[in-house]
Structures are given as structure tokens and as C-alpha cells.
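Residues per chain are reported as follows:
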Amino acid sequence: MFLRFRDKIILMPPTAPPNRRPLTLGIAWLALTLVFLVIGFREAIFIAPPDAAQGNVGRIFYWHVPSAMLGLVFPYVNFFASVAFLYLRRRNPHAALTADAWAIAAAEVTLVFTSICLATGMLWGKAVWGIWWAWDARLTSLLLLWLLYVAYLITRRLSTPGQTSTVGAILAVFAAIDVPIVYFSIQWFRTQHPSPVFGGDGSLDPTMYPAFLWNVAAWLMWGILILAFRFALERRRQRLDQSAILAALNPANDGANPGMEPGHAF
Amino acid sequence: MHFDGWNTIEGRHLVFAYASVILIQGGYFAFTLHNWLKLSRAEAQPAVKQKAAKPL
């Protein structure tokens, strides 16, 4: 993948030599995460007491709330990576490409967690409220956040090559503005959504804390895992793009060794 | 836990909620892994035959 700067093309550094350390670390992290997920599942289903008012359907809370929390954290990874891309794209194109890879990875992970939050919330709402959806401030602002990230990913896929990262980064800044609105919506507006778990009227019973905290930790670890995995995939795709374009520019060259120093502009 | 059973909306929706978590998270992980393996196959080809990878 190239970045263009003043009609020059900036090359990425050549492919790093094969290194098995990230793979080993990834597999170890995946194994540890699965252990945490199993403990979290056991705590949520078999150990934690049923909710006094809702019964067993209240256990949806143990997946809904961690997903909601992470769905509001990862947009900031996307936001800071996008701001870094916009700042670095003319100053340090290599670092800008790295930031862009973090941005798209964080956007997809955000979409995954907000999708789960919406799906589990609707299932809970139908069982407890008797309706699938209410157009109150919390639900609507979260749906808007979800739609913004769907738009972000579609825009990146369909925009003109060369402008994809910049257009996406600008859209990411707007998407990040919605995050505090989602978070504070239940304080700023009268909503049907339950009160905050911490510091609000909906404070948890101490017997529910272990299940909740195990699940937060497990899903946070899972989120970091899929974020890093998607980032590594995007970096590989960027390098493959570069090889293909170099080969197309000079068919005699195999693309793997462009014969130029990293950072060379031509 | 005493499972309410498939016949109550509470029991059904608890199962659906956990299934949706597994489907969405597992589906995304599988999708990323699929793209990873596809890219590995593309990398194995000589560079002159490579096409620029589509945006994922």
C-alpha cells in the first residue's frame, strides 16, 4: 500500500523476516481468554443468583453490559488512531499507515460489540418490557453509533483508492462525538433504560460482582485479541498491496525486493 | 441455576442472547481467520501474479 505525498509515492518498509513470537503470544493469549470466558460463563449461569425482579432472564446483563462498555471504549481507539493518521500522513507516512491499520481494526471490533449490545438488549427488552425496541435516548444514540460505524466501514470499502484512509479518519472523528452522548444519555434524558450499574440507582448487589467482573475481564481480553488479530491482518494486506503495485510498475522486479530503501520516494 | 425451560420467553431469550454472542463474536473471528488464510495463499504466489488485495 502506498501513500502519496506531493505526487511522490512513499514505500512501506520491506516485509519483516518471519517471527514466530507474535503467533506464540497470540495463541497463549487466546488460551487464557478462553479460560476467562469459561469462568465468566460458569459464574453468570451457575453461580450468580437470579435477579430478584427479573429472574433468570436478568443474566443477559452479564454479556450485555460488558459488550456495551467495550462498545464505548474501542471507538476511542479508532478515534485516536484516526487523529494520529490525519496528523502523520504528511509527516511520517509509515507511522500513518500503522495508525490507519489500528483505526480499521478498532472500527470493526466496535461494530462487533455494539451489535451484541443491541441484540442482547432487544432480547432482554422483549422478555422484561414486552417490547423489542423503545425510541428512548440511550437506545437511539447507541443505534446511531452502530450506524456510524457501518457507514465508516462501507465508506472505506467504496471510496476512491488513495482517499480511503483520509475519508474514514474524518468520519471516525464524528463517530467519536456520539460516544459521550450514548454514555450520558441516561443522565441527561428521562429514559426507559435501566439506571447506571455504578453510582446510579441500579447499583449491583455484591453477590453479582464476581460474575460481572469475570465477564468484563474475559470480554476485554477477547476484544484485545480480535483487535490485534485484525490489525496484523491489515498490516499484511498493506504489504501485499505494495508488492503487487511494485510488481505492476516494474514487471522485471518480483516486488518482494523493490531495490530501494524504505521510505524511498519516487 | 434452575433453567426456566424452552417454553417460557425468559428461558428462550436467555439462550438466544448467549447464541447471539457466540454467533457474532465467533463469526467475526472466523471471518478474520478466513481473510488471514486467503492472504497467506496470495502471498505464496509470485509477486508478478499478485493482484492488489481488496479492502477487507
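Note: the structure precedes this text.
Residues numbered from 1 in each chain as written. Chains lettered and ligands numbered in written order. Predicted model: local features only at pLDDT ≥ 70, side-chain atom pairs only at ≥ 80, totals over all residues. Heavy atoms only, no water.

**Student:** An account of the overall build of chain A is needed here, citing residue identities and associated values.
**Tutor:** Per the secondary structure count, chain A includes six helices and two strands. For chain A, the sequential pattern of α-helices and β-strands runs β-β-α-α-α-α-α-α. With 266 residues in all, chain A has 47% of them scored as buried. When contacts within chain A are restricted to residue pairs at least 6 apart in sequence, those whose partners lie at least 24 apart make up 76%. (Helix = DSSP H or I, 4+ residues; strand = E, 2+ residues; numbered from the N terminus. Buried < 20%, exposed > 50% of the residue type's maximum accessible area, 1.4 Å probe, protein only. Contact = heavy atoms within 4.5 Å.)

**Student:** How would you explain the overall build of chain B if you had to name every residue and give the values?
**Tutor:** When helices and strands are tallied, chain B shows one helix and zero strands. Surface accessibility of chain B: about 3500 Å² in total, with carbon and sulfur atoms responsible for 65%. (Areas by Shrake-Rupley, 256 points an atom, 1.4 Å probe, with all protein chains shown as cover.)

**Student:** Account for the side chain of A:R235, with residues named and values stated.
**Tutor:** Relative to the elements of secondary structure, A:R235 occurs in helix α6 (residues 209-249). Despite its burial, A:R235 pairs with no opposite charge, the nearest such side chain being A:D100 at 8.2 Å. (Lys, Arg positive; Asp, Glu negative; His and termini not counted. Salt bridge = Lys/Arg side-chain N within 4 Å of Asp/Glu carboxyl O.)

**Student:** So what's going on with a nonpolar patch on the surface? Residues and values would help.
**Tutor:** A contiguous nonpolar patch, built from A:I170, A:F174, A:I177, A:I181, A:Y183, A:F184, A:W188 and A:F189 and spanning about 820 Å² of accessible area, is present on the exposed surface. Inspection of the secondary structure puts A:I170 in helix α5 (residues 164-188). (Patch = residues over 30% accessible without salt bridge, like charges linked within 9 Å, V, L, I, M, F, W, Y side chains within 5 Å.)

**Student:** Requested: an account of the nonpolar core, with residues and values cited.
**Tutor:** With 37 residues, the main nonpolar core has A:Y62, A:W63, A:F113, A:W219 and A:W222 as its most contacted residues. Mapped onto this core, the elements with two or more residues apiece are α1 (21-47), α2 (61-88), α3 (93-128) and α6 of chain A together with α1 (9-44) of chain B. Here the element with the most residues in this core is α3(A); it accounts for ten residues. Ignoring sequence-local partners within four residues, the contact set of A:Y62 consists of A:A44, A:A48, A:M208, A:A211, A:F212 and A:N215. Counting residues in hydrophobic clusters, the runner-up holds 17 residues, among them A:L142, A:Y152, A:L153 and A:A175. (Core = buried A, V, L, I, M, F, W, Y, C linked by side-chain atoms within 4.5 Å.)

**Student:** Residue-level account of the side chain of A:D178, with values.
**Tutor:** All names here are of chain A. In this structure, D178 sits in helix α5. Nearest to the buried, unbridged D178 among oppositely charged side chains is R138, at 9.7 Å. Leave out the neighbours within four places in its chain, and D178 touches S141, L144, L145 and L148.

**Student:** Break down the packing of α3(A) against α1(B) for me, with residues and values.
**Tutor:** Viewed as axis vectors pointing N to C, α3(A) and α1(B) meet at an angle of 170°, and their least axial separation amounts to 9 Å. Considering their axes alone, α3(A) and α1(B) lie roughly antiparallel with respect to each other. Residues A:E108, A:V112, A:F113, A:S115, A:I116, A:A119, A:T120, A:L123, A:K126 and A:A127 of α3(A) form the contact with α1(B), whose own contacting residues are B:I9, B:E10, B:H13, B:F16, B:A17, B:S20, B:V21, B:I24, B:Q25 and B:Y28. Partitioned by chemical class, the residues of the contact of α3(A) with α1(B) number twelve nonpolar, five polar and three charged. (Axes fitted to C-alpha atoms, helices over the stretch in contact; angles between N-to-C directions. Parallel < 35°, antiparallel > 145°, perpendicular 65-115°, else oblique. Nonpolar A, V, L, I, M, F, W, Y, C, P; charged D, E, K, R; others polar.)

**Student:** Just give me the short version of α1(B), but keep the residues and values in it.
**Tutor:** The terminal C-alpha atoms of α1(B) lie 51 Å apart, and with 36 residues this matches the ideal 52 Å at 1.5 Å per residue to within 8%. Among the residues of α1(B), those classed as buried are B:G11, B:H13, B:L14, B:A17, B:S20, B:V21, B:Q25, B:Y28, B:T32, B:N35 and B:L39. Along its buried surface, α1(B) packs onto α1, α2, α3 and α6 of chain A. (Expected span 1.5 Å × (residues − 1).)

**Student:** Outline α1(A), listing residues and values.
**Tutor:** For α1(A), which comprises 27 residues, the first-to-last C-alpha distance of 37 Å matches the rise-based estimate of 39 Å (1.5 Å per residue) to within 8%. By the burial criterion, the buried members of α1(A) are A:T33, A:L37, A:G40, A:E43, A:A44 and A:I45. Among the structural elements, α2 and α6 of chain A together with α1 of chain B are those in contact with the buried residues of α1(A).

**Student:** I'd like a description of the pattern of salt bridges, backed by residues and values.
**Tutor:** Residue and element names in this part refer to chain A. All chains considered together, the criterion is met by five salt bridges over all chains. In this structure, the salt-bridge partner of R230 is E234, at a minimum N-O distance of 3.2 Å. Taken together, the residues span about one helical turn, with R230 and E234 both in helix α6 at a distance of four residues. Three or more residues are tied together by salt bridges with common partners; here these are E108, R230, E234, R237 and D241.

**Student:** Account for the packing of aromatic side chains, with residues named and values stated.
**Tutor:** On inspection of all chains with the given rule, the structure shows 19 aromatic pairs over all chains. In this structure, A:R236 is placed above the aromatic ring of B:W36, and the distance from its NZ or CZ to the ring centre is 4.2 Å. (Phe/Tyr/Trp six-rings, centres within 6.5 Å; stacked < 30°, edge-to-face > 60°. Lys NZ or Arg CZ within 6 Å of the ring centre and 35° of its normal.)

**Student:** Mind laying out the packing of α1(A) against α6(A), listing which residues take part and the relevant values?
**Tutor:** Residues and elements named next belong to chain A. Interhelical geometry of α1 versus α6 gives an angle of 155° and a closest axis separation of 8 Å. Comparing their axes, α6 and α1 come out roughly antiparallel. When you trace α1 past α6, the crossing you get is left-handed. Contacts between α1 and α6 pair G26, W29, L30, L32, T33, F36, L37, I39, G40, F41, E43 and A44 from the former with P210, A211, W214, N215, A217, A218, W219, M221, W222, I224 and L225 from the latter. For the contact of α1 with α6, the residue count by class is 18 nonpolar, four polar and one charged. (Left-handed = near helix turned anticlockwise from the far one by under 90°.)

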